[in-house]
Amino acid sequence: MENDPVADRLSAVYPELPPGERAIVRVLLDDYPFAALGSLRALAERAGVSPPTASRLFDRLGYGGFADFQAAVRDGARDRSRLLEFVTRAPDAPATSPELRQAAEDLRAGLDGTLAAATDPLLDASAALLAEARTVWALGGPLSELAAEYLIRQLASLRPGAHRVPDSAQARARTVLDLKGSDVVVAYDFRRYSSGTARFVTAARARGAKLVLVTDAWESPLAAEAEVLIRLPREAAGPIAPLAHEIAVTELLLVAAAARLAPAERLADLDALTQTL
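Engineer: Mind laying out the packing of helix H3 (residues 40-47) against helix H4 (residues 51-60), listing which residues take part and the relevant values?
Structural biologist: At a minimum axis separation of 8 Å, H3 and H4 run at an interaxial angle of 105 degrees. Overall, the two elements H3 and H4 adopt an arrangement that is roughly perpendicular. The residues of H4 that touch H3, namely those facing Leu40, Arg41, Leu43 and Ala44, are Pro51, Ala54, Ser55 and Phe58.

Engineer: Describe the side chain of Arg159, with residues and values.
Structural biologist: Tracing the chain through its elements places Arg159 in the loop between helix H9 (145-158) and strand E2 (162-164). For the buried Arg159, no salt bridge is present, and the opposite-charge side chain at shortest range is Asp183, 7.1 Å distant. Setting aside residues no more than four positions away along its own chain, Arg159 makes contact with Leu130, Ala131, Glu132, Ala133, Arg134, Thr135, Val136, Leu261 and Arg266.

Engineer: Would you mind going over the pairing of strand E3 (residues 184-189) in detail, with residue names and values included?
Structural biologist: Successive side chains on a regular strand alternate, one facing one side of the sheet and the next facing the other. Of all 6 residues that make up E3, 6 are buried, and the element is covered over most of its length. Side chains Val184, Val186 and Tyr188 of E3 all project onto a buried face; the interleaved residues Val185, Ala187 and Asp189 project onto the opposite face, where all are buried too. Sheet topology note: the strand E1 (residues 136-140)/E3 ladder contains 5 bridges and is parallel. In the sheet register, Trp137 faces E3, and the bridge partner there is Val185. Pairing of E3 with strand E4 (residues 210-215) involves 6 bridges; the strand directions are parallel. Looking at the pairing, Asp189 lines up with Thr215 of E4. Since E3 and E4 lie parallel, the crossover through helix H11 (residues 195-206) that links them has a hand, and here it is right-handed.

Engineer: Outline the packing of aromatic side chains, listing residues and values.
Structural biologist: The geometry of two aromatic rings is summed up by the distance between their centres and the angle between their planes. Inspection of every chain in the model, using the stated rule, returns 4 aromatic pairs. For the ring pair Phe66 and Phe69, a centre distance of 6.2 Å and an interplane angle of 20 degrees mean the geometry is stacked. With Phe66 and Phe69 both in helix H5 (residues 66-76) and 3 residues apart, the pair spans about one turn of that helix. Accessibility assignment for this pair places Phe66 and Phe69 in one class, buried. Ring-pair connections join several aromatic residues into one group, and the members of that group are Phe58, Tyr63, Phe66 and Phe69. One Lys or Arg, Arg191, reaches over the ring of Trp218 and ends 3.8 Å from the middle of that ring.

Engineer: Give a detailed account of unusual backbone geometry, specifying residues and quantitative values.
Structural biologist: We note that Glu219 has phi near 75 degrees; this positive angle belongs to a residue other than glycine. On the basis of relative accessibility, which here comes to 17%, the residue Glu219 falls in the buried class. At Ala262, a position not held by glycine, the phi torsion is positive, near 45 degrees. Looking at where Ala262 falls in the secondary structure, it is placed in the loop between helix H12 (244-261) and helix H13 (264-276).

Engineer: Which residues make up the environment of Ala262, and what values go with them?
Structural biologist: Judged by its relative accessible area of 64%, Ala262 falls in the exposed class. Considering only alpha carbons, one finds Ala262 and Leu158, 104 residues apart in sequence, at a separation of 8.2 Å.

Engineer: So what about the packing of helix H2 (residues 19-30) against H4? Which residues, and what values?
Structural biologist: Think of two packed helices as two axes; the pair is described by the angle between the axes and how far apart they sit. At a closest axis distance of 9 Å, the pairing of H2 and H4 adopts a crossing angle of 80 degrees. When the axes of H2 and H4 are compared, the pair comes out roughly perpendicular. On H4, the residues touching Gly20, Glu21, Ile24, Val25 and Leu28 of H2 are Thr53, Ala54, Arg56, Leu57, Phe58 and Arg60.

Engineer: Quick rundown of the sheet that holds E4? Include the residues and the values.
Structural biologist: Taken in spatial order, the 5 strands line up as E2-E1-E3-E4-E5 in an open sheet, and their pairing is parallel. Across the chains shown, the open sheet's two edge strands, defined by having one partner strand only, are E2 and strand E5 (228-231). Between one strand and the next, the sheet's axes are offset by a mean angle of 15 degrees, whatever the strand orientation. Contacts between helix H8 (residues 120-132) and the sheet are confined to E1, E3, E4 and E5, with E5 contributing the most and set at about 130 degrees to the helix. H9 contacts E1, E2 and E3 of the sheet and is inclined by roughly 160 degrees relative to E1.

Engineer: Give a description of the pairing of E4 that names residues and reports values.
Structural biologist: Across the 6 residues that make up E4, a large majority, 5, are buried. Sheet topology note: the E4/E5 ladder contains 4 bridges and is parallel. From the neighbouring strand, Val212 faces E5, where its bridge partner is Val228.

Engineer: Provide a residue-level description of the pattern of salt bridges, including the pertinent values.
Structural biologist: All told, the structure shown has 10 salt bridges when counted by the stated rule. Ionic pairing is found between Arg260 and Glu132, a salt bridge with its closest N-O pair at 4.0 Å. Here the residue Arg260 occupies a position in helix H12, and Glu132 occupies one in helix H8, the gap between them amounting to 128 residues. Using a relative accessible area of 60% as the deciding quantity, one classes Glu132 as exposed. Across the salt bridge formed by Arg164 and Glu145, the nearest N and O atoms sit 3.2 Å from each other. Taken together, the residues span a long stretch of sequence, with Arg164 in strand E2 and Glu145 in helix H9 at a distance of 19 residues. Residue Glu145 is classed as partly exposed on the basis of its relative accessible area, which comes to 28%. Beyond isolated ion pairs, a larger network of salt bridges with shared partners links Glu145, Glu149, Arg153, Arg164 and Asp167.

Rules and cut-offs
- Residues numbered from 1 in each chain as written.
- Predicted model: local features only at pLDDT ≥ 70, side-chain atom pairs only at ≥ 80, totals over all residues.
- Heavy atoms only, no water.
- Axes fitted to C-alpha atoms, helices over the stretch in contact; angles between N-to-C directions.
- Helix = DSSP H or I, 4+ residues; strand = E, 2+ residues; numbered from the N terminus.
- Parallel < 35°, antiparallel > 145°, perpendicular 65-115°, else oblique.
- Contact = heavy atoms within 4.5 Å.
- Buried < 20%, exposed > 50% of the residue type's maximum accessible area, 1.4 Å probe, protein only.
- Lys, Arg positive; Asp, Glu negative; His and termini not counted.
- Salt bridge = Lys/Arg side-chain N within 4 Å of Asp/Glu carboxyl O.
- Pairing = 2+ DSSP bridges.
- Right-handed = clockwise from strand over helix to strand, strands pointing away.
- Phe/Tyr/Trp six-rings, centres within 6.5 Å; stacked < 30°, edge-to-face > 60°.
- Lys NZ or Arg CZ within 6 Å of the ring centre and 35° of its normal.

Written out as structure tokens, the structure reads:
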């Protein structure tokens, strides 16, 4: 949505909006511009709010109703896939060094924002949960599941009882069945927010499990459920949405947890066993 004035306006006002109008903006930005091109009623249903709530958003934004908002979207809409735009550029317009430098600057800025968002109090609270939980379960969406996998692979070296949430519904049901209030779920949930993640987390919370949620600036719908909420800044510009931000905050979580666990003996045993197997 880079350089789209309507999308930029939606992003800018999001923090100031009441919950119902935020839900509308999340749907719009999640599937921009296509979510804006149907009926007002369909948009409201997708967001789980009433049509009058949706109408209030467009009045607040200064449009003369939903039809005027749609006209503005159509005027400014273009293909928003950065990767598609990048790989389908004309053969005589290759990626240039300035573009690569810009991508590096964007990535660096995004990492700086991520490190700033992971404050000491948030890391301390997360570390306490990760260290003291009976079991730790992690999951994510289509891309962020890689961060969840990385968390569990590293955390399992530091403490027992660290697991990735399984993929199948039956295996997830067995996992939820045994969850208790002393268990922790770490969820990575970014636009487009994962319905599978939401279902698992909701069921886990009903069993008393605690939630550490890593999400974006617009906040996963699961934000209200989290004991610890880490909101990362908007993704960097460039052709590919970066996983580096999620890995960076995962590294910080692991370092904070390791400081509480004092895992030297476990790591030594693990290393010895690795040499013999």
